[in-house]
Amino acid sequence: QVQLVESGGGLVQAGGSLRLSCAASGRTFSTYAMGWFRQAPGKEREFVAAISWSGSNTYYADSVKGRFTISRDNAKNTVYLQMNSLKPEDTAVYYCARSQTRLVVTVVSRYDYWGQGTQVTVSS
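Rules and cut-offs
- Residues numbered from 1 in each chain as written.
- Predicted model: local features only at pLDDT ≥ 70, side-chain atom pairs only at ≥ 80, totals over all residues.
- Heavy atoms only, no water.
- Helix = DSSP H or I, 4+ residues; strand = E, 2+ residues; numbered from the N terminus.
- Rg over C-alpha atoms; globule rule 2.2 N^0.38 Å.
- Contact = heavy atoms within 4.5 Å.
- Areas by Shrake-Rupley, 256 points an atom, 1.4 Å probe, with all protein chains shown as cover.
- Lys, Arg positive; Asp, Glu negative; His and termini not counted.
- Charge placed at Lys NZ, Arg CZ, Asp CG, Glu CD.
- Pairing = 2+ DSSP bridges.
- Axes fitted to C-alpha atoms, helices over the stretch in contact; angles between N-to-C directions.
- Buried < 20%, exposed > 50% of the residue type's maximum accessible area, 1.4 Å probe, protein only.

Caption draft 1: Region of the structure containing the overall build of the protein. Looking only at helices and strands, the protein features zero helices and 11 strands. Each helix and strand of the protein, ordered N terminal to C terminal, gives the series β-β-β-β-β-β-β-β-β-β-β. Relative to its length of 124 residues, the protein is compact, with a C-alpha radius of gyration of 13 Å against a globular reference of 14 Å. If one aligns the C-alpha atoms of the protein with their principal axes, the spans along those axes are about 40 × 25 × 25 Å. Expressed as a percentage of contacts within the protein between residues at least 6 apart in sequence, the contacts between residues at least 24 apart total 59%. Carbon and sulfur atoms form 47% of the exposed surface of the protein, whose accessible area is close to 6,300 Å². With 13 positive and 8 negative side-chain charges, the protein shows a spacing of 7 Å between the two charge centroids.

See below:
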């Protein structure tokens, strides 16, 4: 069984930065791609960023491209999301998830394990 635990969320002013972390249990972390998603109140869960199993490939939603950076440390079983130049519209619960494949995917249904989420609130 895989467990994912996010941390690093909080309240920040617009223009500020936060770094989210997602620690994974299990020995197969490095075998799979990982992703970050977010869900704002009243909205569907949406893709934010994904990284391949080796870390060599990344992909971002247009809304965060150039501001957010996803990375991973397979030795620590951890994936990160560095968020810079935050905007009020980035406010949401952020979830990390493990993909069913090694490759970058953006569809919610292609991820089989999810963390409990961490709240990010950006004030204007």
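Caption draft 2: Layout of the sheet that holds strand 1 (residues 4-7). Strands sit in the order 1-3-8-7 across an open sheet of four strands; the sheet is antiparallel. Strand pairing shows two members of the sheet lacking a second neighbour, strand 1 and strand 7 (68-73), which therefore form its edges. Strand-to-strand twist in this sheet, taken as the mean axis angle between neighbours without regard to direction, amounts to 15°. One ladder, built from six bridges, connects strand 7 with strand 8 (residues 78-83); its direction is antiparallel. Following the sheet pairing, S71 is matched in strand 8 by Y80.

Caption draft 3: Focus on the pairing of strand 9 (residues 92-99). Burial analysis of strand 9 places seven of its eight residues in the buried class, the great majority of the element. Here strand 9 pairs with strand 10 (residues 111-114) via three bridges, running antiparallel. Across the sheet, the residue bridging to R98 is Y113, located in strand 10.

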